[in-house]
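Secondary and tertiary structure notes
Take a look at the letters that make up each chain.
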Amino acid sequence: MGTETQELVSWMRGHESSVSSISVHESGKFAITTSTDTAQLWDLDTFQRIRKLNVRQSVGIQKVFFLPLSNTILSCFKDNSVFAWEFDTLHCKYQLSAPVEGFVLFYKVFAVTRNGHTLVAGGKSNHLHIWCLELKRLIRIIQMPEKVRAVRHLEFLPDEFDGGSNQVLGVLSQDNVMRFINIETCKLLFDIGSPEDGISTAVISPNGRYIASVMENGSLNLYSVQALTQEGNKPPPFMFKVVEDGPKYTSEANKLITKVTSGRSKEPWKSKQSKIQSRLLKLQANTSLENKENELRGGLNKKRLQALLKEFGEYPAKYRMFVWRSLLQLPENHLAFSSLIDRGIHSAFVNIQKEYPIKSGKLLRVLQRTLSALAHWSAIFAETPYMPLLAFPFVKLFQNNQLICFEVVATVVVNFCQHWFEYFPNPPFNVLGMVENVLAHHDKELLQHLIKYNVTSQVYAWPLLETLLSEVLTREEWLKTFDNIFSNHPSYFLMIVVAYVICSRAPLLHCNQAADFEYFFHHRNNVDINVVIKEAYHLMEATPLDIHPQHMLDDFTPLTKGQYPVFNKYPVFIVNDQAQKWEKIRQDEIEYLRERQLAHESEAKAQEQKAEDEAWYRKQKLLQEAEEQRRKILLEEEKLAEQSQRLAVVKRELKAKELQLLDVSRRCFLNYQQDQLQMELKRLDDEIARKHLIKNQEAVTKEMKDEVEAHQRKVDLKGVQRLTEIDKEEIQKAHTVAEENLAKAEQKHTDTDWRLHQQRRLRRDDQEQEKRYREIVELLHDNRVKEAELLKAMRETEEKKQEDVVQNKAQLEEEQKVAAAVDGHRKQFLDGKRNDELKLAEKLQREDGHFEGLHNLKARCPERGVEVHQVPRPGNIYLNDLSTLASSPHKNVFAPRDGTDRRRAELARQEWELMAEVRQLRRRLASRAKARHPPAHFPATTWSS
């Protein structure tokens, strides 16, 4: 709202509940508004919301405000937690630690010094907590006087000489007295207000010279601090103090507490030198002409208020409560009301929430306490069923001040509910008769219509009276109506009821069902309340005196001051009888509840016993089932034992068979080894025999050489000599070939010796393997998988080798066939040449007896098994040992000279090497089979998991 133009500048929306406080930054550009559920930060240049602080509904916010001379925002919550936030980033800077154990109070009000270094917090206690915001710890606890039970407001008194570190604190307590104390010395400097003339709220000027307070009676008092204390404007002496650390343990908490003591000899405002002048604000200065009876509290005049009300139709909403309190002349009897409240909740309203389920817990508690106080004041109100309906509107209006709420309801009951309880517990027929008489006088047609459908005053008047029109009017309409009711004679209330009925004649004349009439007077209708109020004023003036309620009702009488008046305008015996009946009913109910509780306990015990019995039977049944199951298990175990015995027998049989198979395998392997040894021995014997034959051949060759030399000496012919030389060369070559064959034979002999040595070494290895058999058997289980894979690979290799051997054998057979054909052709050729040579020799012998020795050699050679062949070329001689050719695998002792024989020899050598590899593989397989099948004298070994 603009202060100069009085126009609305901006409407900042965002709060769902009422705003409790507003804090403006020192720059004037930002503001924080606080409600119970949220706090919002606003930009005052654009009137836009910047940030919003949300909390859980179970916590709630007490106050959020800016700290002076800093960019820090302090937030105080209802769970006693205090957080400091950085204004620029809105990050949490720190949190004040929990107060000292044993001195926790729920903070309600706060105050900060002008330099922003000290925070004071108070609540529903006579203790004040002093926090040092620089150290972030509690440094002092101040205990106020015993009269202080709660703190309503805190504010520091500025000083021109303290540099912003304020020392004087104003504390407004629940007794409406504001006390000013020094927080360093804890001295009570002065106080303003009194329980009789209490302060509602107060504010201190920025320079600290004046204090303005709004009093409970509506007056505004202005105090001078200089007049209240003589030390207000004096600069404090120079002091230097060191702030010590706060307490660390609960046992040191008492050191923080400092009681407030009186620092003055007398109350300065009651002294003659500094007496305060008080002025009363009045609407008009010429009040001397008004009647003293119209003078009200707070300087108000009833006639002037009525004129104001007649002109505007209602009182200003801002001053309505103050005007009502003045019109009703409430005594504000604190002690009397406290005595009623101290009696506690009346038994008639203990379970009021069941009949009236009010959503607000606070409102329900205020209603419960107000009704209990009324019941303790007069017993009739505990028995009146419509009392909650009558009191609820005022409870909702004055829920923050229970004393005013109680006195307003009591005043209404005493003055505007006259003669209501004379026919208790029935409705007030006399009052309803007054209403019906006025209605009959002013609108007979409507009354006849109501009588036609048996609609009595209990239907159209009593619902409006017992609810004080709260069911048929809105809040604003109800407030406007009671502005007029409280400003007039109590009979005006009845005229309002009649006026409401008359103003509703149009819809009522169209009703012809009793339920429609009942509904109409219990719900809101389209009735203009301004017309109803004017009609009520018209009825007040136009109603004849003989039926006018004003002559039957007393004038307004306020409640007495100090103590409340006795209210006994009701049939006491009926109320007492009713109370006795209710008491009997309550006792019966208590007895019933007790018996029901006993019955419930008995039933619970019976159910518990039943449950125990059922549990016992279930347990027994489970035991029986377990026993049957055990028996079945035993039978199964017997069957398993029999099967185990059978299995053991089968295992023994299998073990015996396995031993037999192992024995047979072992014997077969031993036989195989013997056969192999015999074959090796036979081969060795053949090699030895071949060596003897070679030696014999050498001897024969030497003998033939000697004979040839003798023959050469005898031949003197030129051709014969040449032939002899050629034969010599051939013999030399044959000798060279024989030496080579001899070297090969020696090599083979060496190989045979090496094989014998290897065989002996294998035998020794076999013996050592037999010694290590037990170790091998232990490792056999782990190696079976690998052995199977190796055996498979070996089988594949053996099969491949066998295929190669078969292929080589086929090739060898083909080569042997070719060689056999060549040998046959060559033999035939050699036989022809031999015959030619023999013929030539015989011819020469006949010519000369020089070759007689050669003829004798021919006669000797067949006896020794040696044949001499003569090849086409002179000088080539082949010596073939028939026995050696028959037994030697190479068929020839001496290597052949042509390519065919060399190929045959090479094939034979490859075959022999392949056979050696096969024999070696067989030997390895045999050794592994031997390891796999141990001898019969070793015990059998089994692996267990």
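An account of the accompanying structure is given in this report. On a predicted model such as this, the values are computed, not experimentally measured, just so you know.

1. Concerning the pairing of strand β13 (residues 151–157)
Within β13, five of the seven residues are buried, which leaves the element mostly enclosed by the surrounding structure. Inspection of the sheet shows β13 paired to strand β14 (residues 168–173) by six bridges, in the antiparallel sense. Residue pairing in the sheet places H153 in a bridge with L172 of β14.

2. Some words on the sheet that holds strand β3 (residues 38–43)
Across a sheet, strands are paired by hydrogen bonds formed along the backbone, either parallel or antiparallel in direction. With antiparallel pairing, four strands are arranged side by side in an open sheet as β1-β2-β3-β4. Two strands close off the open sheet at either side, each with one partner strand: β1 (21–24) and β4 (48–54). In this sheet, adjacent strand axes meet at a mean angle of 20° when their direction is disregarded. Pairing between β1 and strand β2 (residues 30–34): four bridges, direction antiparallel. Bridge assignment links I22 to a residue of β2, and that residue is T33.

3. Some thoughts on the pairing of strand β6 (residues 72–77)
The element β6 is extensively covered by neighbouring structure, given that six of its six residues are classed as buried. Because side chains alternate across β6, one face comprises the buried residues T72, L74 and C76, and the other comprises I73, S75 and F77, equally buried. Relative to β6, strand β5 (residues 61–66) runs antiparallel, the two sharing five bridges. Residue pairing for β6: K63 is matched across the bridge by C76. With antiparallel pairing between neighbouring strands as the criterion, β5 and β6 make up a hairpin whose turn holds five residues, including L69 at a positive phi of roughly 55°.

4. Focus: the sheet that holds strand β18 (residues 210–215)
Spatial strand order, β17-β18-β19: three strands in an open sheet with antiparallel pairing. Either end of the sheet is taken by a strand with one partner, and the two such strands are β17 (199–204) and β19 (220–224). Put simply, the sheet's adjacent strands are angled 20° from each other on average, direction ignored. In this sheet, β18 lies alongside β17 in antiparallel orientation, the contact comprising five bridges. The partner of I199 across the bridge, within β18, is M215.

5. Points about the packing of helix α15 (residues 491–503) against helix α18 (residues 529–542)
Contact pair α15 / α18: the axes reach a minimum separation of 8 Å and the direction vectors enclose 120°. The orientation of α15 with respect to α18, classified from their angle, is oblique. When you trace α15 past α18, the crossing you get is right-handed. Where α15 abuts α18, its residues S491, Y492, M495, I496, V498, A499, Y500, I502 and C503 lie against V531, V532, I533, E535, A536, Y537, L539 and M540. Of the residues in the contact of α15 with α18, the class split is 15 nonpolar, one polar and one charged.

6. So, helix α3 (residues 320–328)
Most of α3 sits inside the fold, with seven of its nine residues counted as buried. Among the residues of α3, those classed as buried are R320, V323, W324, R325, S326, L327 and L328. Buried residues belonging to α3 abut α2 (302–312), α8 (387–397), α9 (402–416) and α14 (475–486).

7. Considerations on the pattern of salt bridges
Where side chains of opposite charge bring their charged atoms close, a pairing between them can arise. Applying the stated criterion to the full structure yields 16 salt bridges. Residue E591 pairs with R594 through a salt bridge whose shortest N-O separation is 2.3 Å. With E591 and R594 both in helix α19 (residues 572–714) and three residues apart, the pair spans about one turn of that helix. Among the residues examined, E591 registers a relative accessible area of 31% and is labelled partly exposed. Among the ionic pairs, E687 bridges to R690, the shortest N-O distance being 2.0 Å.

Conventions used here
- Within every chain, residues take consecutive numbers counted from 1 along the sequence as written.
- The predicted nature of this model means local features are confined to residues of pLDDT at least 70 and side-chain atom pairs, given and counted, to a pLDDT of 80 or more, with totals for whole chains, interfaces and linings taken over all residues.
- Side-chain calculation: all heavy atoms of the structure are included, whereas hydrogens and water are not.
- Throughout, exposure labels follow a simple rule: accessible area from a 1.4 Å probe, protein chains only, divided by the maximum for the residue type, with under 20% read as buried, over 50% as exposed, and the rest as partly exposed.
- Only DSSP runs of H or I reaching four residues or more are called helices, and only runs of E reaching two or more are called strands; each is numbered from the N terminus.
- Strands were regarded as paired on the criterion that DSSP finds at least two bridges between them.
- In this analysis, axes come from line fits to C-alpha atoms, helices being fitted only over the stretch in contact, and the angle between any two N-to-C directions falls in the range 0 to 180 degrees.
- An angle counts as roughly parallel when it lies under 35 degrees, as roughly antiparallel when it exceeds 145, as roughly perpendicular when it falls between 65 and 115, and as oblique in every other case.
- Crossing handedness is defined as follows: a turn of the near helix away from the far one that is anticlockwise and smaller than a right angle gives a left-handed crossing, while the clockwise case is right-handed.
- Two residues form a contact once any of their heavy atoms are found within 4.5 Å.
- Each residue receives one of three labels: charged for Asp, Glu, Lys and Arg, nonpolar for Ala, Val, Leu, Ile, Met, Phe, Trp, Tyr, Cys and Pro, and polar for the others, Gly being one of them.
- The term salt bridge refers to a pairing of a side-chain nitrogen on Lys or Arg with a carboxyl oxygen on Asp or Glu at a separation within 4 Å.

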